[in-house]
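This is what each chain is made of:
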Amino acid sequence: MKKLFALSLSCLTIMTCFVGCGDDDDDGSKKSGPDAAVEAFAKACTSKNGGKNYYTYQFPESYIKELKEDDEWEDMINDYNDDLADYLEDCKITVKDVKKGDKFDDDTLKSAESYFESRYDADVKITEGYEYKVKIQYEEDGEKETDAELLCAVKLKDDGWKVINNDADYISSHY
């Protein structure tokens, strides 16, 4: 049941830039910045038609441009949407909570830049970053289970907020 979602949160192959748009918070205020990016990404991981946001919030714009030029962008989105729609026929996934954690130190910011260089051949400058804890509830056959995933939001200069499907310790130790 959780395999597709875990795969979704663990596929480190994508990023987006719909940062200026925020979702209404419970109190009616607009969310923006890293909170909005992480929440939109989490919702894309639980929505039948979330593929475009899922990939856009992960990939730098230069990589998305390459995918479009190679006519791979739309196919990637459609495949994601089809796979998740099939999965959601048997279970329900709900984002229960999103909490901002620690702010990145300078070393972690540099590691995140190396992440983008190695994954997407993108030369980026990251100005800010945070780790997040996202609680997800899975419901299948009347049974509910809640899991928490750690991921990060980073601000790419001239490209907005992106989501990395790993925790800050992983980014620091592997990049």
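Since the model is a prediction, treat every value here as computed from it, not as a measurement.

What counts and what doesn't
- Residues numbered from 1 in each chain as written.
- Predicted model: local features only at pLDDT ≥ 70, side-chain atom pairs only at ≥ 80, totals over all residues.
- Heavy atoms only, no water.
- Helix = DSSP H or I, 4+ residues; strand = E, 2+ residues; numbered from the N terminus.
- Buried < 20%, exposed > 50% of the residue type's maximum accessible area, 1.4 Å probe, protein only.
- Expected span 1.5 Å × (residues − 1).

J.: Give me the lowdown on unusual backbone geometry, citing residues and values where you can.
T.: A positive phi is found at Asp71, a non-glycine position, where the angle reads about 55 degrees. Turning to its location among the elements, Asp71 is positioned in the loop between helix H4 (61-69) and helix H5 (73-88). Classification of Asp71 as exposed rests on a relative accessible area of 64%. We note that Asp158 has phi near 70 degrees; this positive angle belongs to a residue other than glycine. Within the secondary structure, Asp158 sits in the loop between strand E3 (143-156) and strand E4 (160-164).

J.: Give a detailed account of helix H2 (residues 33-44), specifying residues and quantitative values.
T.: Look at H2: 17 Å from first C-alpha to last across twelve residues, which is about the 16 Å you get at 1.5 Å a residue. Burial within H2 is extensive, with ten of its twelve residues counted as buried. Listed as buried for H2 are Gly33, Pro34, Ala36, Ala37, Val38, Glu39, Ala40, Phe41, Ala42 and Ala44.

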